[in-house]
Amino acid sequence: MKDCIFCKIAKGEIPSDKVYEDDKILVFHDIEPEAPVHVLIIPKTHISTLNEVNEGNSGVFSHMFEKIPEIANTLGVDSSGYRIVSNCGKDALQSVDHVHFHLLAKRSLKWPPG
Ligand code: AMP
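Cut-offs applied
Residues numbered from 1 in each chain as written. Predicted model: local features only at pLDDT ≥ 70, side-chain atom pairs only at ≥ 80, totals over all residues. Heavy atoms only, no water. Pairing = 2+ DSSP bridges. Helix = DSSP H or I, 4+ residues; strand = E, 2+ residues; numbered from the N terminus. Axes fitted to C-alpha atoms, helices over the stretch in contact; angles between N-to-C directions. Contact = heavy atoms within 4.5 Å. Near = heavy atom within 4 Å. Polar contact = N/O pair within 3.5 Å; in protein donor to acceptor, adjacent residues only side chain to side chain. Areas by Shrake-Rupley, 256 points an atom, 1.4 Å probe, with all protein chains shown as cover. Salt bridge = Lys/Arg side-chain N within 4 Å of Asp/Glu carboxyl O. Buried < 20%, exposed > 50% of the residue type's maximum accessible area, 1.4 Å probe, protein only.

*Asks:* For this particular structure, what's the right way to read the sheet that holds strand S2 (residues 25-29)?
*Replies:* Strand pairing within a sheet occurs via backbone hydrogen bonds; the two strands may be parallel or antiparallel. Strand order across the open sheet formed by five strands is S1-S2-S3-S5-S4, with antiparallel pairing between neighbours. Edge strands, defined here as strands with exactly one partner in the open sheet, are strand S1 (18-21) and strand S4 (82-85). Taking each pair of neighbouring strands and ignoring which way they run, the sheet shows an average axis angle of 20 degrees. Relative to S2, S1 runs antiparallel, the two being bridged by three bridges. The partner of Glu21 across the bridge, within S2, is Leu26. Packing of helix H2 (residues 59-75) onto the sheet brings it into contact with S1, S2, strand S3 (37-43), S4 and strand S5 (101-105), and relative to S3 it is tilted by some 155 degrees.

Put into C-alpha cells, the structure is as follows:
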C-alpha cells in the first residue's frame, strides 16, 4: 500500500526502533509508548484491519504468535507479564490502517482498559 506508514516502516523507508524482524513480521517500539515497554508487532504484508483476515493470509498471524514468546523474552517481560492488544476500526480507535498488535508491559495494566 503506497501511503501506508507501517508498509513504509516494514520496507525500511521510514526508520523505526526495531526489536525483531524476519521475512514475515516486524516488531518495533511504539513512538508514543503507553507503558515502559510498548512495541508494535506487524505483518510485513499490508492487511488493513482484523476484518481482512482470511484463510489466504492468516498464516502470518500464526507465525507472529509463535514468535511472541521469543519477543517477550528478548524484551525481558516473559516472566513479569504483558498484554497483547489489537484495535480494529472506529470504536476501538484504530489509528493506523495496517493490522498491528500492541505488546504492553512493565507496569500494572488495569482491566478493563476503559
Ligand atoms: P492504534 O491506535 O491501535 O492504531 O495504534 C497505532 C499506534 O502506532 C499508536 O500507538 C502510535 O503511537 C503508533 N505509531 C504511529 N506512527 C508510528 C511510527 N512512525 N513509529 C512507531 N509507532 C508509531
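After that view, the rundown keeps rolling.
*Asks:* Looking at this structure, I do not really get the site of the ligand. What am I missing?
*Replies:* Contacts to the ligand come from 16 residues, most closely from Asp30, Asn87, Ser95, His100 and His102. Contact distances for the ligand include 2.8 Å between an oxygen atom and a side-chain N or O atom of Asn87. Taking His102, its side chain carries an N or O atom lying 2.8 Å from an oxygen atom of the ligand. A total of 510 Å² of accessible area belongs to the ligand in isolation, and the protein chains cover 84% of it. Counting only elements with at least two residues in the shell around the ligand, the list comes to helix H1 (5-10) and S2.

*Asks:* Would you explain the pattern of salt bridges in this entry?
*Replies:* Oppositely charged side chains may form a pair once their charged atoms are brought near each other. Taken as a whole and assessed by the stated rule, the structure comprises six salt bridges. Across the pair Asp3 and Lys2 runs a salt bridge, and its minimum N-O distance is 4.0 Å. The class of Asp3 is exposed, set by a relative accessible area of 66%. Under the relative-accessibility criterion, Lys2 is labelled exposed at 69%. Where Lys90 meets Asp91, a salt bridge forms, and the shortest distance between an N and an O atom there is 3.6 Å.

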